[in-house]
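Chain residues, written in single-letter form:
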Amino acid sequence: MSTNLTALITGYTGESGKALLKELIQNNQFKKIILVGRRHVEYTDNEYKEKTEQRLIDFAKIDDYPEAFHGADIHYCCLGTTRGKSGAEGFRQVDFDYIVGAARLAKQEGCKHFHLVSSQGADPQSLFLYPKVKGQTETALTQMSFERLSIYRPAMLMVDRTENRPLENFAQTIIRNTVQRIAPEWITTPVEVLARAMCFNTFTKDRPSTEILDNHAIFRLSEQQPIQTKEQSQATNNS
Ligand SMILES: NC(=O)c1ccc[n+]([C@@H]2O[C@H](COP(=O)([O-])OP(=O)(O)OC[C@H]3O[C@@H](n4cnc5c(N)ncnc54)[C@H](OP(=O)(O)O)[C@@H]3O)[C@@H](O)[C@H]2O)c1
């Protein structure tokens, strides 16, 4: 697989997006990483500054910004909100409209492999809003005929969140001291595991053109991601 690829991340300011960006930068397989979002981030690290290009858009008018999605071979979508934060309509708008809009523009602008962070339990037939919208989004994307589409269904994302979500923080504290110690893959997904899996999967051959990866598959993929030193990566790029 060429190491001359350009990646694009939507949702790069979120927890899984941040972990993924770190992974892609450390992995060093991409010549450039485009970041499409609604707010600018001031990176101090030189590698971040050199490798990334931020493109700001108004997601409510996403169709006005096809150029923001131009030039990316691989798209990683980590967008999402919660009902608690945005209300039912707002949740649907972000988790369906914005994601489907981003996928449509990605496809139009030449993206070959689209990665979506969805969720465990996604089901378009569900009676509950969260799994239903997640399932509907997955269905819409599978109908877009990407060369490759990888849908990840993580369990509860384990991370020290920047944003204050008291209930989630409480649940994570309990789970960290109980279930995660005994059966880490059962109901939790550390964001670093998800990021490693997404990165590794990009360079894995002979996978189905459309795939849905449950939590166990995410853990298995993440275990295969080799830690590549900068020197090794440079040697690959020069060969
Ligand atoms: N939390 C969990 O345990 C869990 C479990 C399974 C699956 N998931 C799913 O995994 C995905 C990633 O989750 P996460 O926890 O990494 O997300 P997160 O930290 O909440 O970040 C969400 C990203 O979406 C962007 N976003 C949200 N609302 C937006 C809006 N109105 N306009 C433009 N951008 C918007 C945020 O931008 P700003 O930074 O500008 O707000 C941020 O970059 C989500 O789809 C989530 O549903 C989460």
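Cut-offs and rules
Residues numbered from 1 in each chain as written. Predicted model: local features only at pLDDT ≥ 70, side-chain atom pairs only at ≥ 80, totals over all residues. Heavy atoms only, no water. Helix = DSSP H or I, 4+ residues; strand = E, 2+ residues; numbered from the N terminus. Buried < 20%, exposed > 50% of the residue type's maximum accessible area, 1.4 Å probe, protein only. Contact = heavy atoms within 4.5 Å. Areas by Shrake-Rupley, 256 points an atom, 1.4 Å probe, with all protein chains shown as cover. pLDDT = per-residue confidence, 0-100. Disulfide = S-S within 2.5 Å.

Can you help me understand the overall build of the protein in this one?
Per the secondary structure count, the protein includes ten helices and nine strands. The burial tally for the protein puts 51% of its 239 residues in the buried class. Counted over contacts in the protein with a minimum sequence separation of 6, partners at least 24 positions apart contribute 70%. Accessible surface for the protein amounts to roughly 12,100 Å². Of this, 52% is attributable to carbon and sulfur atoms.

Any chance you could explain the confidence of the model for the protein here in plain terms?
Parts of the model with low pLDDT should not have their predicted coordinates read in detail. On average, residues of the protein score 90 in pLDDT, and 88% of them are at 70 or above. Under a pLDDT of 50 for its full length, residues 235–239 has, in the predicted model, four contacts with residues more than four places off or in other chains.

Sorry, what's going on with the state of the cysteines here?
Covalent bonding between the sulfur atoms of two cysteines is what defines a disulfide. The final tally for this structure, using the stated rule, is zero disulfides. Not part of a disulfide, Cys78 finds its nearest cysteine sulfur in Cys77, a span of 6.7 Å.

Would you take a moment to explain unusual backbone geometry for this structure?
What is expected of a backbone is that most residues other than glycine have negative phi and most peptide bonds are trans. Of note, the phi angle at Asn28 is positive, near 65°, even though the residue is not glycine. Within the element layout of this structure, Asn28 appears in the loop between α1 (15–27) and β2 (30–37). The phi dihedral of Asp206 falls on the positive side, at around 60°, and the residue is not glycine. Structurally, Asp206 can be placed in the loop between α8 (191–202) and β9 (210–213).

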